Amino acid sequence: MKRLSKRFLVPTVAAAAVALAFAAGQHAVKQPVLGEAHAASAATAATPRAQMQLPDFASLVEQYGPAVVNIAVTKKATAGMPGMEAPELDEDGPMGEFFRRFGIPAPRGGQPGQGPMPQPAQGVGSGFIVSADGTILTNAHVVDGATEVLVKLADKRELKAKVIGSDRKSDVAVIKVDAKDLPTVKIGDASGVRVGEWVAAIGSPFGLESTVTAGIVSAKSRNVGDERIVPFIQTDVAVNPGNSGGPLFNLAGEVVGINSMIFSRSGGYMGVSFAIPIDVAMQVKDDLVTHGKVTRGRIGVVVQPVTAPLAESFGLAKAQGALVANVEANGPAAKAGLKSGDVILSYNGKPLAESSDLPTLVAATKPGEPATVKIWRDGKEAEIKVTVGEMPGEKAAVAANAAEPQGKLGVAVRPLSAEEARKLGAEGGVIVERAAGAAAKAGVRQGDVILGVNGKTVKSPEDLKSAIDGAGKSAALLVHRGEGRLYVPVQIG
């Protein structure tokens, strides 16, 4: 689970559960029916207080609950501190009872004199199915570093999942199971979420599957953490370890967010939780599935809030927009003519109520695209055209199940995106994320692009595995490295 403490986001492990989720609540209505949330909300506003009732989430849960899944992850085994032995768990004690109740694997100590026994880390989280072919959305921190991901469906089937990709900046991950005709959720519009409306979350707190919690939207467009590119939906829905990655529903049965983190001084739920808006999550999902990575825009400015005194000093009628405190030399903004002291009032026609609105809008712009920025300078408005640059950071969102080198070759790879293939002038290929074993001995290194094996074109990790399996004791890899290509002979016998 992710916990926000003061100004920092930190992962929290609760009773060996590595990931958790969050929940929330939506429109206050008089026993609404799915699809009638907004009409019911309006009717409630005119209903005498004596007749007002709490919302009924039963229909929502019956219809969309089957599309919510439990996710169990296994991470690489780790040992304790050198010279220390892990204590044996007292199965009759209170912690033993806790592990039994919630079905969490209990830690075991090593044998006397043998030191600590490495134990695989176990974690639980939640997710939801967005397409009938088995594509599932969850949090990146749920599957980060996982060596195995197991998905439990509402019909009790347990299926191994492949991590398509994850994006730490937004905390969104895409995983997939091999199945057909699965139930799916209905994707909503996070921009239509209203502060004060009821929302509900379904997830697996402490591994307790299909748990429903509800509350209201407390605030919108919260910027928390260091990245400040996700305008979180804040709710008061109860969330606990295992809820992370689960859906946040409105009363129309639409998913409007992914529960991601909480504010806590103790590690437990304290009434403040945050969800990733579903439109942000779906954009990340599309990038991961289509390109294998997420690209974000940047213009190279540092901004600060416009306070009432600052607004008065700049001659603004009210405190709004983003005050440019610094402009990166030779960055997109500098090249376009933006200066320190400019107040950005709108971006591509969207007014900036707060300075925190700007990073989200810029990040959502594709690099290379033009953007129109309305500014306040010298007591009057002006418009500037900026060509958006690309935000530095993770070159690619690497699949978690490719984190460790595997197979006879000993490499962890991911598919080459269409854009990467275009730049290389290749029909396909796979990028080496890590190399070990036979590949490393032959000189294959991280960043190499494997284009073929023994004359056969490689377009996917599956193609590579198939070619190596049929290669015998040796294989010639066609590798793109730097500005050129070369053949690397690998002894795999």
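Residue numbers run consecutively from 1 along every chain, following the written order of its sequence. Only residues with pLDDT of at least 70 get local features here, since the model is predicted, and only at 80 or more are side-chain atom pairs given and counted; chain-wide, interface and lining totals rely on the full set of residues. Computation of side-chain values covers all heavy atoms of the structure but excludes hydrogens and water.

**Q** Give a detailed account of the overall build of the protein chain, specifying residues and quantitative values.
**A** Helix and strand labels come from DSSP, where a helix needs a run of H or I of at least four residues and a strand needs a run of E of at least two; each type is numbered from the N terminus. A tally of regular secondary structure across the protein chain gives eleven helices and 29 strands. Relative accessibility under 20% of the residue-type maximum defines a buried residue, over 50% an exposed one, and the middle range a partly exposed one, all with a 1.4 Å probe and only protein chains included. Counting all 493 residues of the protein chain, 47% fall into the buried class. Residue contacts follow a heavy-atom distance rule, with two residues in contact if any of their heavy atoms lie within 4.5 Å. Across the protein chain, the fraction of contacts at a sequence separation of at least 24, relative to all contacts at a separation of at least 6, is 64%. All accessibility values rest on the Shrake-Rupley procedure with a 1.4 Å probe; residue burial counts only the protein chains present in the view. Total accessible area computed for the protein chain in this model is approximately 23300 Å², and 52% of it derives from carbon and sulfur atoms.

**Q** Tell me what's going on with the pattern of salt bridges, and back it up with residues and numbers.
**A** Throughout this description, the term salt bridge denotes a Lys or Arg side-chain nitrogen within 4 Å of a carboxyl oxygen of Asp or Glu. Within the structure shown, the criterion is met by 16 salt bridges. Residue aspartate 155 is joined to arginine 157 by a salt bridge in which the shortest nitrogen-to-oxygen separation is 2.9 Å. We classify arginine 157 as partly exposed; its relative accessible area is 38%. The closest approach of N and O atoms between lysine 285 and aspartate 286, which form a salt bridge, is 3.3 Å. You can call aspartate 286 partly exposed: its relative accessible area is 38%. Shared partners join several salt bridges into a network, and the residues in it are Lys152, Lys156 and Glu209.

**Q** Run through the nonpolar core, naming residues and quoting values.
**A** Here the nonpolar core consists of buried residues drawn from Ala, Val, Leu, Ile, Met, Phe, Trp, Tyr and Cys, with membership extended through side-chain atoms lying within 4.5 Å. With 43 residues, the main nonpolar core has Phe128, Leu137, Phe249, Ile276 and Ile278 as its most contacted residues. Counting residues per element, this core draws most heavily on helix H5 (residues 278-291), at six residues. Not counting the four nearest positions on each side in its chain, isoleucine 276 is found in contact with Asn139, Ser170, Asp171, Val172, Val230, Phe232, Val256, Gly257, Ile258, Ser260 and Ala281. Of all hydrophobic cores here, the second largest spans 21 residues; its members include Val430, Val453, Ala471 and Val488.

**Q** How would you summarise the confidence of the model for the protein chain if you had to cite specific residues and measurements?
**A** Where the model shows low pLDDT, its predicted coordinates should not be examined in detail. Summing up the model confidence of the protein chain, the mean pLDDT is 80 and the portion of residues at 70 or higher is 76%. The low-confidence segment residues 97-104 (pLDDT under 50) makes 16 contacts with residues lying over four places distant or belonging to another chain. The predictor's confidence in any single residue is recorded as pLDDT, a number from 0 to 100. Below a pLDDT of 50 lies the segment residues 106-115, which in the model reaches 24 contacts outside its immediate sequence neighbourhood of four places, other chains included.

**Q** Pulling in residues and values, what's your account of H5?
**A** Under the 1.5 Å per step criterion, the end-to-end length of H5 is 19 Å for 14 residues, consistent within 8% with the ideal 20 Å. Inspection of H5 places Ile278, Val280, Ala281, Met282, Val284, Lys285, Asp287 and Leu288 among the buried residues, and these make up the whole buried set. Downstream of H5 by one or two residues, glycine 292 has phi in the positive range, about 80°. In this analysis, the expected span of each helix is defined as 1.5 Å times one less than the number of residues it contains.

**Q** Tell me about unusual backbone geometry, and name the residues and values.
**A** The phi dihedral of lysine 156 falls on the positive side, at around 80°, and the residue is not glycine. Residue lysine 156 is classed as exposed on the basis of its relative accessible area, which comes to 57%. Of note, serine 221 is a non-glycine position whose phi angle comes to about 55°, a positive value. Residue placement: serine 221 occurs in strand E11 (residues 211-222). Given the relative accessible area of 35%, serine 221 is considered partly exposed.

**Q** Can you explain the environment of alanine 72? Please cite residues and give values.
**A** Relative to the helices and strands, alanine 72 is located in strand E3 (residues 68-78). The residues touching alanine 72, leaving out its near neighbours within four places in the chain, are Gly123, Glu148, Val149 and Leu150.

**Q** Got a sec to walk through the environment of asparagine 223? Specific residues and values, please.
**A** Positionally, asparagine 223 belongs in the loop between E11 and strand E12 (232-235). Look at asparagine 223 and you get buried, because its relative accessible area is 15%. It is 8.7 Å that separates the C-alpha atoms of asparagine 223 and aspartate 357, two residues lying 134 residues apart in sequence. Other than its neighbours up to four places away in sequence, asparagine 223 contacts Arg228, Ile229, Val230, Ser356 and Thr360. Among the polar contacts made by the side chain of asparagine 223, one reaches the side chain of serine 356 at a distance of 3.1 Å. Each polar contact in these results corresponds to two N or O atoms within 3.5 Å; when the atoms are within protein, one needs to be able to donate a hydrogen and the other to accept it, and residues that are neighboring in sequence are counted only if both atoms are side-chain atoms.

**Q** I'd love a proper account of the pairing of strand E5 (residues 135-138), names of residues and values included.
**A** Both faces of E5 are covered, namely the face carrying Thr135 and Leu137 and the face carrying Ile136 and Thr138. The criterion for strand pairing is that DSSP finds at least two bridges linking the strands in question. Of the strand pairs in this sheet, E5 and strand E8 (residues 172-177) are connected by four bridges, and their pairing is antiparallel. Opposite threonine 138, over in E8, you have alanine 173 as the bridge partner.

**Q** Can you lay out helix H11 (residues 461-469) for me, pointing to particular residues and giving the numbers?
**A** Given 3.6 residues per helical turn, the α-helix brings residues three or four places apart onto the same face. Of the positions making up H11, those classed as buried are Leu464, Ala467 and Ile468. Each buried residue of H11 lies within a common arc of 95° when the element is viewed along its axis, so the set occupies one face. Summarising the geometry of H11, the exposed residues directed more than 90 degrees from the buried face are Lys465 and Ser466. The elements touched by buried residues of H11 are strand E24 (411-415), strand E25 (430-435), strand E26 (449-453) and strand E28 (474-481). What the arc covers is the set of directions going from the helix axis to the C-beta atoms.

**Q** Account for the environment of glutamine 122, naming residues and giving values.
**A** Tracing the backbone shows glutamine 122 in strand E4 (residues 119-131). Linking glutamine 122 and glutamate 148, residues 26 residues apart in sequence, is a C-alpha distance of 9.8 Å. One polar contact links glutamine 122 to threonine 74, side chain to side chain, over a distance of 3.4 Å.

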